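Below are the chains, spelled out letter by letter.
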Amino acid sequence: MGDHDEDADAADVSPGSPVLEALLENERNRRYLGQRLDAADDRVETALLGDIVRHGPVLEALREGPLDRREIETRLDVSRATSHRLTQWLDQREYVEKVDGRFRLTGRGEAVADEVLRFEANVRTVERLAPLLDRICDDHQEFVVEPFVDATVTVAQPDDPYRPVERVRSLLRESETFRGFNTTPMVPPALGEFHRRLFEDVDAELVYRPATVETLFETYPERATTAVERGHLTLRTRDDFPYGLAIFDDRVGIGGYDEETGLLPVFVDTGSPIAREWAERVYASIRADSDPL
């Protein structure tokens, strides 16, 4: 990417929901968390972190409500000795308390249970998004994985290299609006059906590299010009992008592309409201640093 400061642009767009703001703040701070913990001399022992994760299933079970020991054994399919060991450890850490023969989480225990679940969800999401994460720009600091926990991940295969492109095309067929940046690798100009709909049926605003705009007008001189003149299509230009972003009526998607070939090996999309809010924020930041055609 260039020298553009996306955090500075983010300050110029409307504040997001408290959930989104918290996610973004956590993402911005993550690079410094280790340093802050070291400075405070307050690191959690690795063994304790491992124990907490190992007790994740019982913490999750108790997060749903108090359970007695037999219910824990049934829920987790563990022996009596194991359930005793689990609850004893939780009691020693003051994560549970026993009331009327049942174990229930303390306030501390509820918070730890939530963090364990969040950790598991984020690790799972990172594993699913690996094809995208391996390709997006390292300098883009505001990408957060939490909103994409249920995303559809479409990856090109040797026998079907255009699967991600087909996914984008299918989403556009169902949408009346289309906004984004650097979407050309998602659907190359040679694919006429996509651009017919883009020029005639969809209200679109796109931020492209200058060379991409030139190619678009060279490939479809009359249709592209007419679409712009009629207001169906608004084009802006910018030199660099972290990846490709597409915002449809009901979903948002991110494309990770191959710098050398320009092909689209992976496309990730979701209907998550928080993901959409994040995408709108990123798009506003990129748009603010682009030039009108």
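Residues numbered from 1 in each chain as written. Predicted model: local features only at pLDDT ≥ 70, side-chain atom pairs only at ≥ 80, totals over all residues. Heavy atoms only, no water.

This paragraph deals with the overall build of the protein. Per the secondary structure count, the protein includes 13 helices and 10 strands. Evaluated residue by residue, the protein yields a buried proportion of 42% over its 293 residues. As presented, the protein carries roughly 15,900 Å² of accessible surface, and 47% of it is formed by carbon and sulfur atoms. (Helix = DSSP H or I, 4+ residues; strand = E, 2+ residues; numbered from the N terminus. Buried < 20%, exposed > 50% of the residue type's maximum accessible area, 1.4 Å probe, protein only. Areas by Shrake-Rupley, 256 points an atom, 1.4 Å probe, with all protein chains shown as cover.)

With 16 residues, helix H13 (residues 273-288) should cover 22 Å at 1.5 Å per step; its first-to-last C-alpha distance of 22 Å lies within 8% of that length. Taken together, the buried positions of H13 are Ala275, Trp278, Ala279, Arg281, Val282, Tyr283, Ser285 and Ile286. (Expected span 1.5 Å × (residues − 1).)

The next point concerns the sheet that holds strand E6 (residues 233-237). The 8 strands are arranged E3-E9-E8-E7-E4-E5-E6-E10 in an open sheet whose pairing can be described as mixed. Lying at the two open borders of the sheet, with one neighbouring strand each, are strand E3 (152-155) and strand E10 (291-292). (Pairing = 2+ DSSP bridges.)

Okay, the pattern of salt bridges next. Going through the model one piece at a time under the given rule, you end up with 15 salt bridges. When the shortest N-O distance is used, the salt bridge between Arg63 and Asp114 registers 2.8 Å. A residue pair is termed long-range when its members are at least 10 positions apart, and Arg63 in helix H4 (residues 56-63) and Asp114 in helix H7 (residues 107-128) qualify at 51 residues. One salt bridge connects Asp289 with Arg238, and the closest N-O pair in it is separated by 3.3 Å. Pair noted here: Asp289 is in the loop between H13 and E10 and Arg238 is in the loop between E6 and strand E7 (244-247), with a separation of 51 residues, a long-range link. Exposure remark for Asp289: the relative accessible area of 33% places this residue in the partly exposed category. Classification of Arg238 as buried rests on a relative accessible area of 7%. (Salt bridge = Lys/Arg side-chain N within 4 Å of Asp/Glu carboxyl O.)

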